[in-house]
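Here are the chains, one letter per residue:
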Amino acid sequence: MATHAAFVVKFPQQLARPGRVHGRPVPPARMGIAVSRESPGNSAVTAVAAAVPRGVRCCAGGLIEPDGGNLVDLVAPEEGGRRAALPHRVRLGRVDTEWVHVLSEGWASPLRGFMRETEFLQALHFNAVRGHDGSMVNMSVPIVLAVDDTQRRAILASGATSVALIDDHDRPVAVLSDIEIYKHNKEKRIARTWGTTAPGLPYVEEAITNAGDWLIGGDLEVIEPIKYNDGLDQYRLSPAQLREEFARRNADAVFAFQLRNPVHNGHALLRTDTRRRLLDMGYKNPVLLLHPLGGFTKADDVPLSVRMKQHEKVFSYKQSYHPSVSFL
């Protein structure tokens, strides 16, 4: 999910071939780079600033600010746990739980829960949502939760303003408050998101086609951090944890590489060349953020657990990269 690395890669999504950003031509690039404001030397500042759109802001520690200005954290154990005993409960599927994870850690900042109708329509028609400060934030994939007719009627009849979200074992995961229920226009959602309504899209078949005909949005309070207990949770660093790690490593530049395949020679060349260019620009300690995709991939792709073993082995021989690894 490319937007989930945006707190690191906030510089323009440059193209593999020359393109334009804010009307200005940009050189070919395959990686995003985030740098500290305390860039060494005027030449380095100029080289980076030339590729940065006006309006990009840095926070006090030198890292680029999250979308909306503040990193969202929706994990509230005491408050969420206290309110979890609600009469109306919505069961989360696998994809729903993953979206709770994304929302709770701030990967989708400035969203504070599943989309209400206004945000849903903004995402569909503008590939963006409006932040609290009025700015438009890239959000091309709607983050929504479906309910069926029976659930909708029961919630509306009771006048409830909050519902509990539960897992497959009936354990409370989160509370959704100040709720809004609206029509789930599946065909429009599919067409706007993927540009086609042709059958065979894996995400559509699992998460949309057989989902409820209504969507429920609201503010999310997550009872505890989402864990998958698959032996890989140590790699699922939150945005806040990654920021702490970059600070601990005294990184003056972070270059991020997102991929769904095992690392091959072309990947290694890109990463090595990017690091070399940053050093040539005057940066002293550029750090690589490797961001493997852990969600939907192609059916014949190498499984995530195998890819992570390969990444571990590669990095054990390449300590000069100073890598930081995280994935969703």
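Scroll up to find the structure.
Quick notes on the rules
- Residues numbered from 1 in each chain as written.
- Predicted model: local features only at pLDDT ≥ 70, side-chain atom pairs only at ≥ 80, totals over all residues.
- Heavy atoms only, no water.
- Helix = DSSP H or I, 4+ residues; strand = E, 2+ residues; numbered from the N terminus.
- Polar contact = N/O pair within 3.5 Å; in protein donor to acceptor, adjacent residues only side chain to side chain.
- Contact = heavy atoms within 4.5 Å.
- Phe/Tyr/Trp six-rings, centres within 6.5 Å; stacked < 30°, edge-to-face > 60°.
- Buried < 20%, exposed > 50% of the residue type's maximum accessible area, 1.4 Å probe, protein only.
- Lys NZ or Arg CZ within 6 Å of the ring centre and 35° of its normal.

## Considerations on unusual backbone geometry
Okay, so step 1: Looking along the chain, the bond that leaves Ser109 and enters Pro110 is cis, with omega of 15°.
Okay, so step 2: Within the fold, Pro110 resides in the loop between helix 3 (94-105) and helix 4 (117-126).
Okay, so step 3: For Asn127, which is not a glycine, the phi torsion comes out positive at approximately 55°.
Okay, so step 4: Structurally, Asn127 can be placed in the loop between helix 4 and strand 5 (128-130).

## Thoughts on helix 5 (residues 149-158)
Okay, so step 1: Where helix 5 starts, the residue carrying a side-chain oxygen 3.2 Å from the main-chain nitrogen of Thr150 turns out to be Asp148.
Okay, so step 2: Of the residues trailing helix 5, Gly159 is marked for its positive phi of about 75°.

## Let's talk about the environment of Met115
Okay, so step 1: Within the secondary structure, Met115 is located in the loop between helix 3 and helix 4.
Okay, so step 2: Spatially, the C-alpha atoms of Met115 and Gly218 are 6.7 Å apart, while their sequence positions differ by 103 residues.
Okay, so step 3: Non-local contacts of Met115, meaning those with residues more than four positions away in its chain, are made with Phe120, Ala123, Val129, Met139, Val141, Pro142, Ile143, Val144, Tyr182, Ile216 and Gly217.

## Regarding the packing of aromatic side chains
Okay, so step 1: What the rule picks out here adds up to two aromatic pairs.
Okay, so step 2: When the ring of Phe120 is compared with that of Tyr182, the centres are 5.8 Å apart and the planes differ by 45°; the resulting orientation is tilted. Placement of the pair is Phe120 in helix 4 and Tyr182 in strand 9 (residues 172-183), with a sequence separation of 62 residues.
Okay, so step 3: A relative accessible area of 3% means that Phe120 is categorised as buried.
Okay, so step 4: Here Tyr182 falls in the buried class, since its relative accessible area comes to 4%.
Okay, so step 5: Seen in terms of ring centroids, Trp194 and Tyr203 are 5.7 Å apart; in terms of plane orientation they differ by 40°. Their pairing is tilted.
Okay, so step 6: The class of Tyr203 is buried, set by a relative accessible area of 14%.
Okay, so step 7: Its end group placed over the ring of Trp214, Arg152 keeps NZ or CZ at 3.9 Å from the ring centre.

This is a description of form; function is not addressed.
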